[in-house]
Amino acid sequence: MRQGELRLGYFPNITHAQALVGVRDGTFSRALGATRLVARTFNAGPAAVEALIAGSLDATYVGNGPALVAYVRSKGAVVVVAGAASGGAGLFSRTALAPEALAGAKVASPQLGNSQDVALRHWLKSRGIASEVIPLSNPDILAMMRFGALEAAWVPEPWGARLRAEAGAHLLVDERDLWEGGRFPTTVLLMTRRFLTERRKDAQALVSAHLELTARSRQQPEAFAAEANRAYGELTGHPLPQGVLQEAFSRMELLADPLEPALIQSGRHAIELGYLPESELSGLVDSSLL
Amino acid sequence: MHFRWPARRATSRPEHYLAPARQRDGPTKISVSRVSHRYENGVEALRQVDLEIHPGQLVCLLGPSGCGKSTLLYAIGGLARPTEGEIILDGAPVHKPGPERLLMFQEAALFPWLTARQNVTFALRSKGLSRKAARATADRFLAEVKLQGFEDSLPHQLSGGMRMRVSLARALAMDPEVLLMDEPFAPLDAQTRSEMHQLLQAIWSATHKTVIFVTHDVREALLLGDRIVVMSGRPGRIAQDLEVRLPRPRDPEDERWVQLARHVQTLLRSESPHEPPKGNASEAGIGPTPPDHLGGGG
Amino acid sequence: MGLLLLIIWEVAARFGPWPELLFPGPGAVAKSLFEISIDGRLLTGTGRSLSRLLKGYALSVAVGIPLGLVTARVSFFAKAVKPWILGLQALPSICWLPLALLWFGLSEAAILFVVVMGSLLAVAIAAEDGVKAIQPQLLSAAATLGIRGPRFYLGVLVPAAFPGIVTGLKLGWSFAWRALMAGELLFVSGGLGQLLTFGRDLLDVPLVMAVMVAIVAIGILTDRVVFRGLEMRVRRRWGLAHSR
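Residues numbered from 1 in each chain as written. Chains lettered and ligands numbered in written order. Predicted model: local features only at pLDDT ≥ 70, side-chain atom pairs only at ≥ 80, totals over all residues.

## Describing the overall build of chain B
Helix and strand counts for chain B stand at seven helices and 11 strands. Each of the 298 residues in chain B was classed as buried or not, and the buried ones make up 44%. Put simply, of all contacts in chain B between residues at least 6 apart along the chain, 72% involve residues at least 24 apart. (Helix = DSSP H or I, 4+ residues; strand = E, 2+ residues; numbered from the N terminus. Buried ≥ 20, exposed ≤ 12 C-beta atoms within 10 Å, placed from the backbone. Contact = placed C-beta atoms within 7 Å.)

## Some remarks on the pairing of strand 5 (residues 84-89) of chain B
Residues and elements named next belong to chain B. Relative to strand 5, strand 2 (residues 30-38) is paired through five bridges, and the arrangement is antiparallel. Bridging from a neighbouring strand, Ile30 pairs with Leu89 of strand 5. As defined by bridge partners, strand 5 adjoins strand 6 (residues 92-93) across two bridges and the pair is classed as antiparallel. Counterpart to Leu89 in the pairing with strand 6 is Ala92. Between strand 5 and strand 6, which pair antiparallel in sequence order, lie two residues; one of them, Asp90, sits at a positive phi of approximately 50 degrees. (Pairing = 2+ DSSP bridges.)

## Brief notes about the nonpolar core
In terms of nonpolar packing, the biggest core is built from 244 residues, with Ala153(A) and Leu190(A) touching the most fellow members. Counting residues per element, this core draws most heavily on helix 6 (residues 108-132) of chain C, which supplies 17 residues. (Core = buried A, V, L, I, M, F, W, Y, C linked by C-beta atoms within 7 Å.)

## Considerations on the sheet that holds strand 11 (residues 252-254) of chain A
Residues and elements named next belong to chain A. The sheet built from six strands is open, its strands ordered 2-1-3-10-4-11 with mixed pairing. Both edges of this open sheet fall to strand 2 (36-41) and strand 11, since each of them pairs with a single strand only. Ignoring strand direction, the axes of neighbouring strands in this sheet form an average angle of 25 degrees. Looking at chain direction, strand 3 (residues 59-63) and strand 10 (residues 185-192) are connected through five bridges and run antiparallel. For Tyr61, the partnering residue across the bridge sits in strand 10 and is Leu189. Here helix 3 (residues 45-54) sits on the sheet and contacts strand 1 (5-10), strand 3, strand 4 (78-87) and strand 10; the angle it forms with strand 3, its principal contact strand, is near 155 degrees. (Axes fitted to C-alpha atoms, helices over the stretch in contact; angles between N-to-C directions.)

## Looking at helix 3 of chain A
The buried fraction of helix 3 of chain A is high, at seven of 10 residues. Contacts from the buried residues of helix 3 of chain A go to strand 1, strand 3, helix 4 (64-73), strand 4 and strand 10 of chain A together with helix 10 (192-201) of chain C. Looking one or two residues past helix 3 of chain A, Gly55(A) carries a phi angle of roughly 90 degrees, positive in sign.

## Remarks on the interface of chain A and chain C
If you look at the interface, chain A gives 22 residues, while chain C gives 16 residues. Elements with a contribution of two residues or more to the side of chain A that touches chain C: helix 3, helix 4, strand 7 (132-135) and helix 6 (138-147) of chain A. Looking at which element gives the most residues to the side of chain A that touches chain C, the answer is helix 3 of chain A, with four residues. A class-by-class count of the residues in the side of chain A that touches chain C yields 15 nonpolar, three polar and four charged. (Nonpolar A, V, L, I, M, F, W, Y, C, P; charged D, E, K, R; others polar.)

## Some thoughts on the packing of helix 1 (residues 17-25) of chain A against helix 10 (residues 221-236) of chain A
All names here are of chain A. Packing of helix 1 against helix 10 leaves a shortest axis separation of 8 Å and a crossing angle of 75 degrees. Classified by the angle their axes make, helix 1 and helix 10 are roughly perpendicular. Of the residues in helix 10, those touching helix 1 at Ala17, Leu20, Val21 and Arg24 are Phe224, Glu227, Ala228, Ala231 and Tyr232. Split into classes, the residues belonging to the contact of helix 1 with helix 10 amount to seven nonpolar, no polar and two charged. (Parallel < 35°, antiparallel > 145°, perpendicular 65-115°, else oblique.)

Written as structure tokens, this is what we have:
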């Protein structure tokens, strides 16, 4: 923690749309006033939460899987202060038309212990389907699917839309169908408890900016998506094609609600899968800033 | 030792024991004609060398280091190809190594991972001998060079002299018609060397193989050779071709022998005026520099 | 000395400025090591890694040694192939992974390919150096004794080059081991590398360190037991070191 600075992590990923837009158009900086925003991008959850716990970040947008891992392992040194995205994930397969057809096949998830990995394994387990689960980065999943070396993958957007457009895959399971109300957390805003208590004003400013961005996205979804894509294109060099962008956003919802019951439910799944030791998850969310 | 030594004869005058080699009748074993060799770096090792060697002769090639004597030996062995001229063995030109010739080097050149016996049997087996026959032959020749009890020793467990004896046993066991020896005893101490000289003479007397023995040591040449071919260096040529008529076994203490050694030493000095011998005549070494070998070129 | 270091480590972990979560002490690591030993994950992972390693390594040796021998003996072949060998040797083996994934898919073959590319060339180069280091007298002796053909290659060339070849075997093994770990970290299921990734992804740092300890232990063990022994035997037999 450094006085006069807020160090924020996020991914060049459209499920981090508020961060993409807010960093680019200065919404965060304006809300923080004299406090300087230092934004850093990450490619994967573990690196981001490592940085958070090691004290190199004050807050980060991150998937709910790594957020849970960080909360449990740090014994509550980090908390979820807001939700960011819901939905936008699912199982895409190349040839299988029914879940049972995945028995014995190779199915990928983007990262061991991340939201999609937990969802995939929990889903396979509850249906009694024995597949070989391979953690593989999203670009590799796309290449392998195209190449036919992988049957299916549980991925976040825009990768699902890209798998459909570029690897001829189809949507086998929309994760929204598995949750009550069709809502489950995909991205959350995670903060160190120390920052939350000692720099309450800056924390509040960050969350206010987040709320403002979320509200904007709900009022003008298309303009917001286009803006997010511009930022995405600047960071990765390749903006998404219009069709892929629209499809990705169609399965996704930006919101500030941390969806606490679903978040805790998915934490229980991770514990059941042996990813985390048995722990109390009730302190995971602090919604006092919302 | 079961070789028989030839009887001793007494003669009166020293010059009588050393005479220019005469043209001999009968078949030629090895014929070297107009052989020249130039190394890639341009050094001329041999120039227009002619030499005829008859079956059963023990010929010493004597000369200072760098005179091309080893190059000539390697060419006869088929391990080096002269740039000009021809070498004929039993009527056929020599281009590569063959089973009728065997070269012994300055080092024992044993295969270090094989025991003394295995060194011999490995070579014999490549000639097609059965395992049993190879072992019997190996043990016989190792006994001949007095190495009973050391058959299962590895080369590094043996002394330099013993290693050279294994090498000799290996060479003899292969039973070549021609034995080519490149100063094989030079690195040995005086006593071992003298033992090896006796051994070689005895074996040669018993088998009468054709032997070409390269040395830079006058006394060694006079001790072993029927015939001494004196070479001069830069480029290597044949300077003198002498026949030794001393009876065997030759005794280095013999007055006649000592006189001969002085005589040859004088001859050599007149052949190579730029390279005077370092020792005196009775020391009889031509130079302490390491002997020339194949890749040397200098 | 070792104990002192352990104590310093434990104290630094407990009272140092770093969060204990990210820098656990030896006690936590030992506990984690014990846990993965008991629940079988260590054994399964080690088994899978070692079986991959042995397959890839065997292939490297089977191809690398003949390749090195031929390069050393056949000059036109050396001229054509040597620049490639030296050039590709400079490439860290993990750079082959993208290509391996495209060629072989997510299969064992892909990881074997990476392991082979990591160690084959080192074995070949060492075998070639081994041949180059042979005393010329030995080769001349073989020639004059009339030893030719397979008898020459297997009976003279390989054993004479063996001290160099052993160095290559050792080097090849450690390169193969590194290539395998890098490959397993990046994708393949099962194996120690993945157990390490598992620890990282789940922020289980004691597990990461426990797996590192296991990897180091396996490396040291094979070096001490297999290669040191082989080397000593060869050196003794070849007369390169004096036996006691």
